[in-house]
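# Descriptive structure summary
Given next are the chains, with one letter for each unit.
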Amino acid sequence: MAVKKHGGRAFGGRGRAAVLAAGAVVVALTAMTPALAVSGGSVSVPGAARTAAGAGSPSVGRAVYDLGDLAFAPGAPYEGKSEIAAVVHYPDGPGEKGLARGRHPLIVMQHGQWPTCADRAAQNALVKAQKALALAEKAGDEAEAARQQAVIDGMSERLWAWPCRAGIPPLPSSAGYDYLAENLARQGFVVVSMGANGINATSGGQADSVYQARAALVNKHLDLWRQLDAGKGPLMGKVKDPRTGRASDAPFTGHLDLQRVGTLGHSMGGGGVMQQVSDERHGDWPAGVKVKAAVGLAPTATWENEPVTKVPLAVLWGTCDQVNTGEYVKWNRKDNKAPLHGITLTGGNHNYFNTQWSPGSGQVAGANDAIPGEQRGRCVSQDGTNQQHQGLDEATQRRIATSYTVAFFRRYLMGDMSTQPLLTGREKPAGVPDVVKVEYVKPH
């Protein structure tokens, strides 16, 4: 199965400019008024998972680590290097769910393909050149069109550089799932959201191996945490408190349960997670690590389309998502040996799963990437019907995603059966509109 592409998002080169050009239409897209807003805060789901918003939930600690921008080489046939860096959320404070009590399931996350450098000047110049190029092409001015295309190419290279130019901060896509990580950490999980900017910058023209590279990066982080749990390895003393820059005093060593690991990926990160958890790739997992649940947030299609049938799997996607249509459920439903959950958000789009990619962040290249409908607030569905759906706003989409993600990992990493009615569609999450369709496929 070929890798899906969307406006040049999947791979680099000149096609990258199509992603960044989204900034040129942010004004038009954000005219889709969020009619379904839900306030922020902790999520509420059935049964025991209500502790996410309840009294006695632990506070959440935050840590970071960075072993270098070019510290990881996926290996042949992939060409390029990536960073080994991550944002970590963990249960903090006293109580039975605090990090120092017992062993905690580990969840690792990987973001998808997006610009790597928060170079606002480059984005502004690119958007200006995109508009000028359209005018030149309309006027038939080939010389001017070529000049503007050269500007677009140059600005695109700046936005997709790795490492970033001096004085330009990396675009922190890995922090775009903090809302999910915080809620999961309140449940007792240790959550690691890794950076993949180096892979984003080098993936152009490597469709046949990019998902293998992404899966290898997931396994690398898992191996680092396996070593840290044993009191050794490169992360010793390198997990830092972001407030002080000094080594975190969080007691990770001896408090991780690596037999209860979850993985989550968004977009091409979702494709990487699907490759890592596929039936054929379990032998690549680090020794002593067992992945027992995987979530794909609008995951793109891997090159090999390898089956994922032996690990519980949930796929969330929105009907106005231009990147994919939730095919993983369709591909695996006839042969699944583990529970399979398809969760469709009517009016959901691709970018809103990541706060950094969404217009509300004010971040470089942030945009609502749904196709606007004919009426204000509506978007064109990508589910084959071409209907006009009421677009979800950022807060609502994330609240729904959090409800199902927390429920899923509680069910399959903690054995919490109280969340099963939500995951099978018999119950709905509290505080959100009725816009979710759940497909549950029992194991064969």
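Relevant structure appears above.
So, how was this worked out
Throughout, a residue's number is its position along its own chain's written sequence, starting from 1. Totals for whole chains, interfaces and linings use all residues, but because this is a predicted model, local features are given only for residues with pLDDT of at least 70 and pairs of side-chain atoms are given and counted only at 80 or more. By convention in this description, side-chain values take in all heavy atoms of the structure and omit both hydrogens and water. A pair of strands is labelled paired if DSSP reports no fewer than 2 bridges between them. Here a strand is any run of E in DSSP of at least two residues, a helix any run of H or I of at least four, and the numbering for each starts at the N terminus. Axes here mean lines fitted to C-alpha atoms, for a helix over just the part in contact, with angles spanning 0 to 180 degrees between N-to-C directions. It only takes one pair of heavy atoms within 4.5 Å for two residues to be counted as in contact. Aromatic rings from Phe, Tyr and Trp, with only the six-membered ring used for Trp, were paired whenever their centres fell within 6.5 Å, and each pair was classed as stacked if the ring planes differed by under 30 degrees, edge-to-face if by over 60, and tilted otherwise. Three exposure classes are used, based on accessible area relative to the maximum for each residue type with a 1.4 Å probe and protein chains only: buried under 20%, partly exposed in between, and exposed over 50%. Here, a charge over a ring means that NZ of Lys or CZ of Arg falls within 6 Å of the ring centre while also lying within 35 degrees of the ring normal. Cysteine sulfurs are considered disulfide-paired once they come within 2.5 Å of each other. By the criterion applied in these results, polar contacts are pairs of N or O atoms within 3.5 Å in which, for protein atoms, one can donate a hydrogen and the other can accept it, and in which residues neighboring in sequence qualify only through two side-chain atoms.

## Regarding the sheet that holds strand β5 (residues 256-266)
Read across the open sheet, the nine strands follow the order β1-β2-β4-β3-β5-β6-β7-β8-β11; overall the sheet is mixed. Looking at strand neighbours, the two that pair on one side only are β1 (59-66) and β11 (436-441), the edges of this open sheet. The sheet shows a mean angle of 15° between the axes of neighbouring strands, taken without regard to direction. Sheet topology note: the β1/strand β2 (residues 85-92) ladder contains eight bridges and is antiparallel. In the strand pairing of β2, V64 is matched with V87. Against the sheet, helix α5 (residues 178-186) touches β1, β2, β3 (104-110), β4 (190-194), β5 and β6 (291-297), its axis set at about 35° to β2.

## Overview of the packing of aromatic side chains
Counted by the stated rule, this structure contains eight aromatic pairs. The interplanar angle of 90° and the centroid separation of 5.1 Å between the aromatic rings of W225 and F252 together place this pair among those described as edge-to-face. In this pair, W225 sits in helix α7 (residues 210-229) while F252 sits in the loop between α7 and β5, placing the two residues 27 residues apart along the sequence. Of the two residues examined, W225 and F252, each falls in the buried class. Plain terms: the ring middles of F408 and F409 are 5.6 Å apart, the flat faces sit at 65° to each other, and that makes the pair edge-to-face. Accessibility assignment for this pair places F408 and F409 in one class, buried. Above the ring of Y179, the side-chain terminus of R398 is found at 5.9 Å from the ring centroid.

## Section: the state of the cysteines
By definition, a disulfide links two cysteine residues through a covalent bond between their sulfur atoms. Inspection of every chain in the model, using the stated rule, returns two disulfides. If you count the bonded cysteines of the protein chain from the N-terminus, they pair up as 1-2, 3-4.

## Some points on the environment of V308
Within the secondary structure layout, V308 lies in the loop between β6 and β7 (313-318). On a C-alpha basis, the gap between V308 and D335 in space is 9.0 Å, while along the polypeptide they are 27 residues apart. Non-local contacts of V308, meaning those with residues more than four positions away in its chain, are made with M274, V277, S278, D279, L313 and N332.

## Describing the side chain of Q187
Along the chain, the position of Q187 falls in the loop between α5 and β4. Only 2.7 Å separates the side chain of Q187 from the side chain of R410, close enough to count as a polar contact.

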